[in-house]
Amino acid sequence: MIKLYKSLRHFLPYICGVILFLFVQVLSDLYLPTLMADIVDHGIVNKDIGYIFQVGGHMLLIAAGGTLCAVAANFLSAKTAVGFGRLLRNRIFTKVQSFSLQEFDKLGTATLITRTTNDVTQVQQVSVLILSMMISAPLTCLGGISMAIHEDPGLTWVLLVSVPVLFAIIGIVLTRGIPLFKLMQIKLDKLNLVLRENLTGIRVIRAFNRIEKEKKRFDDANLDLMNNAVKVNKIMAVLMPMMMLIMNFTTIAIIWFGGMRINNGEMQVGSLMAFIQYSTQILFSFLMMTMLFVTVPRAQASAARINEVLETEVEVKDPIQTKVVPLKKGYVEFQGVSFRYPGAEQPALKEINFSAGPGEITAIIGGTGSGKSTLVNLMMRFYDVGSGRVLVDGVDAREMSQESLRAKIGFVPQKSVLFSGTIGDNIRYGKENASLEDVEHAAQVAQAVDFVAGMEEGFEHIIAQGGTNVSGGQKQRLSIARALVKRPEIYIFDDSFSALDFKTDAKLRAALKQEVSEATVFIIAQRVATVMDADRIIVLDDGQIAGIGTHQELLRTCEVYHEIVASQLSEGELA
Ligand SMILES: Nc1ncnc2c1ncn2[C@@H]1O[C@H](COP(=O)(O)OP(=O)(O)OP(=O)(O)O)[C@@H](O)[C@H]1O
């Protein structure tokens, strides 16, 4: 948590204000019992009404000043904590944005959401407590002790007995409670994971009639979280009454032994009253510190989880000295590229060699899991190659900035992703300042114009969260339009025509051929019909290149390709 608190330097003026106001407030709290003792011992005993009013007036002023200071301190500490929370969320978000897919694979989306929201809230809440109690509790405790000694040194032994008992109880509670507090966040993560899977997979869950099973899975995670919370609350439920009991016993002991001292003429009534108040303040300061000890471990667990994100070493980084790449070309070359996913036994790609240039269409075909998507992931540097090199315009992709590399590429992913907003906004995601004509043209080439025109608001039609109010094929066409409007040097279509019917697929490819005639195009496809016109077809088999060539060349030379073609085309089409 200390590491995170380094960011608090941004709020230094507020923190200084909190310290100052709390200091004044504690001083006023400590002074009030002495004044009260004064009223009793001098004003009441001597029946001096004027003195009572005078000291009483002082007490009122001091109490009002203390209250104002407390309000100001609370306001500033809340402002600091809320600002600190915002700063942390921003830092986590910025860090997560810099993650390569490798780090996303490692951490998982559910936990990243919990860490950005709930974990930050935990740290934020405890920061308010720390700010207000870290200063006032020790100050009240030390001040209370010295004032109590000042009032009557002969009674302080009562505190010497009750304080260690209090410590022992706090110690027992903390050793039992801390592991449970740490578990809370882990159990919350689990609940978030189940919830997220259920919300995103709701269609599959309903289609497979798994609603009851999923309810049970959620209920189990929920129950687990609740059981842990109950255990935590049980401990807390014991703690408070125990502390109150000790406080009450201490007060009784002070009154008992103080009464004897008054009887012997060694103490005055006012001093006894002040002593009781100081002892309550001292024990109360311990109570405050216990609250800190109880809440800090949970926040500490949260802080550790936040730090894990902030300190994650990002595998794919921009080099310190980036190489400048020629602005408009689009040459791509793979030189002996091999790659293995972290933790995987087998490499996903082995010794891949090929090159492609502007004006060429390179198709990539192969069975499921043969490494097609992995190949384009490396081209965009979503992962770094294990060995070999990926050259873009003659420069190793690792030697240029990720931004300049990706500025060259228009990517249409296998699984279309749309954002909430209008259809126009989604297409403009490729190029923010694209004109309406550019957007319409891109939609025209992507064969999206007809269905967009069919919608009442056209390009202003709102896409629902996750793009659920458009069909799979429509989503694909909008994703294609988004890449087209960018007019990049390199296009990557990762199985982007799979949700289109044959007629639309053919029309789209014909329109694309003209549109992207000067660019370097990569098309991953399962259908032979989609790839057979390509200038070059790369056949992948189990992460290796089984053949490279045109359709006709591969039919003669590549057995794997022949098998794929034979499984899809008729004898006549083959001939
Ligand atoms: N993030 C990942 N972590 C670990 N292994 C992965 C990951 N992504 C893919 N793989 C593995 O790498 C291999 C190649 O996967 P890839 O997605 O490139 O195949 P593909 O040819 O695109 O398949 P498909 O046509 O089904 O999309 C597969 O064995 C797959 O299980």
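Everything numeric in this text was worked out from a predicted model, so none of it was measured.

Engineer: Could you give an account of the sheet that holds strand β2 (residues 349-356), with specific residues and numbers?
Structural biologist: The sheet built from 4 strands is open, its strands ordered β2-β1-β4-β5 with antiparallel pairing. Each end of this open sheet is capped by a strand with a single partner; those strands are β2 and β5 (395-396). Pairing of strand β4 (residues 387-392) with β5 involves 2 bridges; the strand directions are antiparallel. In the sheet register, Val392 faces β5, and the bridge partner there is Val395.

Engineer: If you had to explain the site of the ligand to someone new, which residues and values would you point to?
Structural biologist: Residues in contact with the ligand amount to 13 residues; listed here are only the nearest, Tyr341, Thr368, Lys372, Ser373 and Thr374. Tallying contributions element by element places helix α10 (residues 372-379) first for the shell around the ligand, with 3 residues. In terms of residue class, the shell around the ligand is made up of 3 nonpolar, 8 polar and 2 charged.

Engineer: Any chance you could break down the UniProt feature "domain: ABC transporter" (unreviewed entry) in the chain for me, citing the residues and the numbers?
Structural biologist: UniProt's entry tags residues 332-567 with the feature "domain: ABC transporter" (unreviewed entry), counted in the numbering of this structure. Split by type, residues 332-567 is 36% helix and 25% strand. Its first and last C-alpha atoms lie 31 Å apart.

Engineer: An account of the domain arrangement of the chain is requested, with residue identities and associated values reported.
Structural biologist: In terms of domain boundaries, the chain breaks down into domain 1 (2-310) and domain 2 (332-574). Domain 1 puts 4 residues into the contact, and the matching count from domain 2 is 4 residues. Looking at the side of domain 1 that touches domain 2, its residues break down into 1 nonpolar, 2 polar and 1 charged.

Engineer: Go over the UniProt feature "transmembrane region" (unreviewed entry) in the chain, please, and point to the residues and values.
Structural biologist: UniProt records the feature "transmembrane region" (unreviewed entry) at residues 12-31, 51-76, 128-149, 155-174, 235-258 and 278-296, using the numbering of this structure. Structurally, residues 155-174 comprises 95% helix and 0% strand, and the distance from its first C-alpha atom to its last is 30 Å. Secondary structure over residues 278-296 splits into 100% helix and 0% strand, and the C-alpha atoms at its two ends are 27 Å apart.

Engineer: Lay out the nonpolar core in plain terms, naming residues and giving numbers.
Structural biologist: Residues Ala481, Ile492, Ile523 and Val539 are the most contacted members of the largest nonpolar core, which totals 76 residues. Examining the composition of this core, we find that 6 residues originate from one element, helix α15 (residues 472-486), more than from any other. Of all hydrophobic cores here, the second largest spans 24 residues; its members include Leu88, Val120, Val123 and Leu131.

Scoring rules and cut-offs
- Residues numbered from 1 in each chain as written.
- Predicted model: local features only at pLDDT ≥ 70, side-chain atom pairs only at ≥ 80, totals over all residues.
- Pairing = 2+ DSSP bridges.
- Helix = DSSP H or I, 4+ residues; strand = E, 2+ residues; numbered from the N terminus.
- Near = placed C-beta within 6 Å.
- Nonpolar A, V, L, I, M, F, W, Y, C, P; charged D, E, K, R; others polar.
- UniProt positions renumbered as here; feature names shortened; annotations may be inferred.
- Domains from an automatic or database assignment.
- Contact = placed C-beta atoms within 7 Å.
- Core = buried A, V, L, I, M, F, W, Y, C linked by C-beta atoms within 7 Å.
- Buried ≥ 20, exposed ≤ 12 C-beta atoms within 10 Å, placed from the backbone.

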